[in-house]
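Residue-level structural notes
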Amino acid sequence: MAIFNRSSSSSNESPHQKDPEMYGKSEYTTNATAAHVVDENGVTIHQDNNHLHRGLKSRHITMIAIGGAIGTGLIIGTGKALAQSGPGSILIAYTSVGFLVYIVMTALGEMAAWIPHSSGFAGYATRFVDPALGFALGWTYWCKYIITTPNQLTASALIIQEWVPDTRVNPGIWILIFLVVICTVNYFGIKFFGELEFWLSSIKVIVIVGVIILSFLLAVGAGPGPATGFKYYKNPGAFKPYIGTGAAGKFYGFWSSLVNAVFAYLGTELIGVTVGEAQNPRKTIPRAIKLTFYRILFFYCLSVFFLGMIVPYNSDDLKFANTQKSKASASPFVVAIKLAGIKALPDILNACILLFTFSASNSDLYIASRTMYGLAEEGHAPRIFKWTDKRGVPVPALAISALFCCTAFMNAASSSTVVFGYFVNLTTIFGLLSWISLLVSHIWFVRARRAQGITDNQLAYVAPFGLWGSIIALFFCCLIALTKNFNVFTRSPKTYGDFDYKNFITGYLGIPIYLICIFGYKFFMKSKGVKPHEADFYSGKDEIDREEEAFLAAQAEKELANEGKKGGSWFYRTFIAWLI
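Residues numbered from 1 in each chain as written. Predicted model: local features only at pLDDT ≥ 70, side-chain atom pairs only at ≥ 80, totals over all residues. Heavy atoms only, no water.

Topic: the overall build of the protein chain
- Scanning the protein chain from terminus to terminus reveals 23 helices and three strands.
- In the protein chain, of all internal contacts separated by at least 6 residues, the share reaching a separation of at least 24 is 81%.
- Element-wise, carbon and sulfur atoms account for 64% of the exposed surface of the protein chain, whose accessible area totals about 24,300 Å². (Helix = DSSP H or I, 4+ residues; strand = E, 2+ residues; numbered from the N terminus. Contact = heavy atoms within 4.5 Å. Areas by Shrake-Rupley, 256 points an atom, 1.4 Å probe, with all protein chains shown as cover.)

In structure tokens:
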């Protein structure tokens, strides 16, 4: 393990622009009182208790990106969408939103590849748009995850009730067990967390691939029952009217599935939080983002395509899809298994869903803690939350996030479940607002780099749809955010009763809270928007460049030493990496 001086280089040139031969030549000078060391893998280990450690390998980043895109929103949430709108609507909606997600991710990739700092995408909003936007984005994003984490813990407890009813064991016991486990995993450090999430996400991939193959076999008649083909597109039909009748009702059905699709995809942006702990981020982050499109096409589009072929939207078993209980019985794929007469599989899929919710709660707590750390680093939260231990774990940020996750115990009492459900509805809008903020940040980023003469060939990654892609995606994100709870305006009072003010308030209150954070910060802190020619593209970049250079040098030495050998990495690249 070598010790190096941090202040020995101030070059603003990114390593990917330099001569590859320079990777083997260190620009650092040895110093016994240095602020960081470089381990045998070329990873910089900071010793000032203020830095995260880059312990996430390329395969970790790839699988965390996949894990963020695969969750209960796909395996369970599609049931609600199918029951409300029909197979044709969900296929179009999930495909369209998938393309929207890809634009969001490529916008994130362009900024993250230029300066992959530990403040996450809230840091990009602060640096390129306005500190007020970074403040609002960071705090609302943190609020989102200190609610979704206990929600996932509750879902795990509900799943276990399929085997152990709450009359025997109070669900609060299961919530406590899972909370302790995920806190322990996060406390053990980023390497342990990354390895665990790698294997959990690998299992997710296997499960979803298995579900897709099973759905295909059932559709073509290779299962116990007859082939279904496209008969459910004809009867009961491809588009189901929702709220209204006729063409208007079918459009409402499509739009409801569009909203469901958006929230099924939320979480894909979590890769932007990992950039501060990724090894060689200028290569691994763009690579993971480039593959996002193909993952969406394969996992989501194929899943909903076959789902529409094997389950009719008017199936009585889909009534469970409209409940908030994330049990196996709520999954439309379980409905398909039951319709086909296959036994035992529901219990197996139930266990898989339990794995999904555990992985989701684990990664959600990770995101919450790193978001709080990023807020402290940007000066938007108390400095104590920037402190890290020797493993690079922001312990105070993790502790405060875990403490708020104790709200999951509210669900142990049936009287509080409804209140907690409203709370979840209130904060889910923040996920969509994070996409909006990220797209705004990218638009300002492109304007600023053009004003300062930074060309595309100087970037490690360029968003393929550029400035206009982000502008168009921003329009649709804003449109969906404003129409998220459109059903409170369009439903007939004669049929559905009085105006649903509770749904309206909890569905839209997140927007004024977000705006209050922005304008409140501007009022009290007197912050000003960042002008394109004044945007800071270089602060902290030289440190990241040196870390990347040291890592690449170490990797080049290891490749020379292992030349001709076929180890575990060769097996991974040859037989697994093509899928993920």
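Let us keep going from here.
Re the nonpolar core
- With 158 residues, the main nonpolar core has Tyr-94, Tyr-124, Ile-271, Leu-349 and Trp-435 as its most contacted residues.
- For this core, the element with the highest residue contribution is helix 4 (residues 87-114), accounting for 15 residues.
- With residues near it in sequence (within four places) discarded, Trp-435 still touches Val-101, Val-104, Val-262, Tyr-265, Leu-266, Thr-268, Glu-269 and Cys-477. (Core = buried A, V, L, I, M, F, W, Y, C linked by side-chain atoms within 4.5 Å. Buried < 20%, exposed > 50% of the residue type's maximum accessible area, 1.4 Å probe, protein only.)

Some points on the confidence of the model for the protein chain
- Per-residue confidence for the protein chain averages 81 on the pLDDT scale, and 82% of its residues sit at or above 70.
- Low confidence marks residues 1-34, where pLDDT is under 50. Its contacts with residues over four positions away, or in another chain, come to 74 contacts. (pLDDT = per-residue confidence, 0-100.)

Examining the packing of aromatic side chains
- In the structure shown here, the tally under the stated rule is 32 aromatic pairs.
- Summarising the aromatic geometry, the rings of Phe-193 and Tyr-366 are spaced 4.5 Å apart at their centres and angled 20° between planes, so their arrangement reads as stacked. Placement of Phe-193 in helix 8 (residues 190-220) and of Tyr-366 in helix 14 (residues 345-377) is noted, with a sequence separation of 173 residues between them. Just as Phe-193 is buried, Tyr-366 falls in that class too. (Phe/Tyr/Trp six-rings, centres within 6.5 Å; stacked < 30°, edge-to-face > 60°.)

Comments concerning the packing of helix 7 (residues 171-187) against helix 15 (residues 395-404)
- Here helix 7 crosses helix 15 at 165°, and the two axes come no closer than 11 Å. If you check the angle between helix 7 and helix 15, you find them roughly antiparallel. The element helix 7 and its partner helix 15 pack so that their crossing is right-handed. Residues Leu-179, Cys-183, Asn-186 and Tyr-187 of helix 7 form the contact with helix 15, whose participating residues are Val-395, Leu-398 and Ala-402.
- In terms of residue class, the contact of helix 7 with helix 15 is made up of six nonpolar, one polar and no charged. (Axes fitted to C-alpha atoms, helices over the stretch in contact; angles between N-to-C directions. Parallel < 35°, antiparallel > 145°, perpendicular 65-115°, else oblique. Left-handed = near helix turned anticlockwise from the far one by under 90°. Nonpolar A, V, L, I, M, F, W, Y, C, P; charged D, E, K, R; others polar.)

Side note on the environment of Phe-193
- Overall, Phe-193 belongs to the buried group, its relative accessible area being 2%.
- Discounting chain neighbours no more than four positions away, the residues touching Phe-193 are Ile-64, Val-185, Asn-186, Asn-362, Ser-363 and Tyr-366.

Thoughts on the environment of Ala-227
- Within the fold, Ala-227 resides in the loop between helix 8 and helix 9 (231-237).
- Once the C-alpha coordinates of Ala-227 and Phe-216 are considered, the two residues, eleven residues apart in sequence, prove to be 9.9 Å apart.
- Once residues lying within four places of it in the same chain are set aside, the contact partners of Ala-227 are Leu-218, Ala-219, Val-220 and Gly-221.

Regarding the state of the cysteines
- In total, this model carries zero disulfides according to the counting rule given.
- Its sulfur unpaired, Cys-143 is 7.6 Å from the next cysteine sulfur, which belongs to Cys-517.
- What makes Cys-143 partly exposed here is its relative accessible area of 27%.
- Free cysteine Cys-477: the closest other cysteine sulfur is in Cys-478, separated by 7.0 Å. (Disulfide = S-S within 2.5 Å.)

Focus: the pattern of salt bridges
- In the structure shown here, the tally under the stated rule is seven salt bridges.
- Notably, a salt bridge pairs Arg-449 with Asp-456, separated by 2.9 Å at the nearest N-O pair.
- Taking relative accessible area as the criterion, Arg-449 reaches 4% and is therefore assigned buried.
- Each of Glu-110, Arg-449 and Asp-456 takes part in one network of salt bridges that share partners. (Salt bridge = Lys/Arg side-chain N within 4 Å of Asp/Glu carboxyl O.)

Describing a nonpolar patch on the surface
- On the surface, Phe-489, Phe-499, Tyr-501, Phe-504, Ile-505, Leu-509 and Ile-513 cluster together into a nonpolar patch covering about 650 Å² of accessible area.
- If one sorts the elements of the nonpolar patch by residue count, helix 20 (residues 501-508) sits on top with three residues. (Patch = residues over 30% accessible without salt bridge, like charges linked within 9 Å, V, L, I, M, F, W, Y side chains within 5 Å.)

Quick notes on helix 4
- For helix 4, spanning 28 residues, the distance from its first C-alpha to its last is 41 Å, which sits close to the expected 40 Å at 1.5 Å a residue.
- The element helix 4 is largely enclosed, with a buried count of 23 among its 28 residues. (Expected span 1.5 Å × (residues − 1).)

What about the side chain of Ser-257?
- Structurally, the position occupied by Ser-257 is in helix 10 (residues 246-265).
- Of the polar contacts made by the side chain of Ser-257, one reaches the backbone oxygen of Phe-254; its length is 2.6 Å. (Polar contact = N/O pair within 3.5 Å; in protein donor to acceptor, adjacent residues only side chain to side chain.)

Considerations on unusual backbone geometry
- Here Asn-235 and Pro-236 are connected by a cis peptide whose omega angle stands at 15°.
- Summarising the element assignment, Pro-236 is placed in helix 9.
- One non-glycine residue, Lys-526, lies in positive phi territory at about 55°.

Observations concerning the side chain of His-442
- Topologically, His-442 is positioned in helix 16 (residues 414-451).
- With relative accessibility at 0%, the residue His-442 sits in the buried group.
- When sequence neighbours within four positions are dropped, the list of residues in contact with His-442 reads Ala-107, Glu-110, Met-111, Ala-463, Gly-466 and Ser-470.

Remarks on the environment of Val-129
- Relative to the elements of secondary structure, Val-129 occurs in the loop between helix 5 (120-128) and helix 6 (131-160).
- Put simply, Val-129 and Lys-531 are 402 residues apart on the chain and 7.9 Å apart in space, counted from C-alpha to C-alpha.
- Beyond its immediate stretch of four places on either side in the chain, Val-129 contacts Tyr-124, Val-440, Ser-441, Trp-444, Gly-529 and Val-530.

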